[in-house]
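This is what each chain is made of:
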Amino acid sequence: MAVLEIIKIGHPTLSLKAKPIENINQEIVELARNMVETMHQAPGIGLAAPQVNVSLRLITIDLSVGENKDELIVMVNPEIVEEEGEQVSEEGCLSVPGIYEKVLRPARITVRGYNLDGQELLVEAEDLLARVFCHEIDHLEGKLFIDRLSPLKRRLLKSRLKKEMEKEMEKGSVG
Ligand code: NI
């Protein structure tokens, strides 16, 4: 297993619509394992393949951040098939360092996708889990959580973001 580099806002891959996975081969299984490792090490509760510069529809989620194996979700080609209600809560993203903002999301969703064995998964999620699914599936559409904020709010964030990115550069985590 390997910890992969997480790309940051401004990288073109984060704006692409990711491609569906047609064949769950060894390469995909390995990518998923490395994404889990990367997510746990970050640490984060969710990661989408575009964040490690792979434009494919694969996400990993673990609200326990490695504490409980049963909470790990690896999903291929996830899609939201039902959504209900609303929730507003603060969100951040490993690709958008230092920024946390309130984002409107559905309160409950049903997500359909596949596990690494190619079996169909149907997950009903609410609260934080619903939020993380929505956030990661947005990544597959080339969308970041700040794209869901008002244009004014986004403009105000720009200078903060610039400072955060400079800090990241000093740390040497952005090439
Ligand atoms: Ni994110």
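Since we're looking at a predicted model, the values are computed, not measured.

So, on to the overall build of the chain. Within the chain, the regular secondary structure consists of three helices and seven strands. For the chain, the sequential pattern of α-helices and β-strands runs α-β-β-β-β-β-β-β-α-α. Its C-alpha atoms give the chain principal-axis dimensions of about 45 × 40 × 30 Å. Taking all 175 residues of the chain together, the buried fraction comes to 45%. When the accessible surface of the chain is split by element, carbon and sulfur atoms take 48% of a total near 9,800 Å². A distance of 9 Å separates the average location of the 22 positive side-chain charges in the chain from that of its 30 negative side-chain charges.

Considering all chains together, one arrives at zero disulfides under this definition. Its sulfur unpaired, Cys134 is 14 Å from the next cysteine sulfur, which belongs to Cys93. Owing to a relative accessible area of 4%, Cys134 belongs among the buried residues under this scheme.

We now examine helix H3 (residues 151-171). In an α-helix, one full turn covers 3.6 residues, which means residues spaced three or four apart are oriented alike. Taking 1.5 Å per residue, 21 residues should reach 30 Å; H3 reaches 30 Å between its end C-alpha atoms and fits that length. At Lys158, H3 shows its strongest bend, of approximately 35°. Residues Leu157, Leu161, Glu164, Met165 and Glu168 constitute the buried set of H3. Structurally, H3 contributes buried residues whose contacts are with strand E5 (96-105).

Attention now goes to the pattern of salt bridges. Per the stated rule, a full pass over the model turns up 13 salt bridges. Ionic pairing is found between Glu91 and Arg131, a salt bridge with its closest N-O pair at 2.4 Å. Here Arg131 lies in helix H2 (residues 127-140) and Glu91 lies in strand E4 (residues 87-93), a separation of 40 residues in the sequence. There is no split in this pair, since Glu91 and Arg131 are both buried. Between Asp138 and Arg105 there is a salt bridge; the shortest N-O distance is 2.9 Å. One end of the pair, Asp138, is in helix H2; the other, Arg105, is in strand E5, with 33 residues separating them in the sequence. For Asp138, a relative accessible area of 8% puts it in the buried group. Taking the relative accessible area as the measure of exposure, Arg105 reaches 3% and is therefore buried. Within this structure, Glu91, Arg105, Arg131, Asp138 and Arg148 form a network of salt bridges that share partners.

Basis of the calculations
Residues numbered from 1 in each chain as written. Predicted model: local features only at pLDDT ≥ 70, side-chain atom pairs only at ≥ 80, totals over all residues. Heavy atoms only, no water. Helix = DSSP H or I, 4+ residues; strand = E, 2+ residues; numbered from the N terminus. Buried < 20%, exposed > 50% of the residue type's maximum accessible area, 1.4 Å probe, protein only. Areas by Shrake-Rupley, 256 points an atom, 1.4 Å probe, with all protein chains shown as cover. Lys, Arg positive; Asp, Glu negative; His and termini not counted. Charge placed at Lys NZ, Arg CZ, Asp CG, Glu CD. Disulfide = S-S within 2.5 Å. Expected span 1.5 Å × (residues − 1). Bend = angle between axes of the 7 residues up to and from the residue. Contact = heavy atoms within 4.5 Å. Salt bridge = Lys/Arg side-chain N within 4 Å of Asp/Glu carboxyl O.

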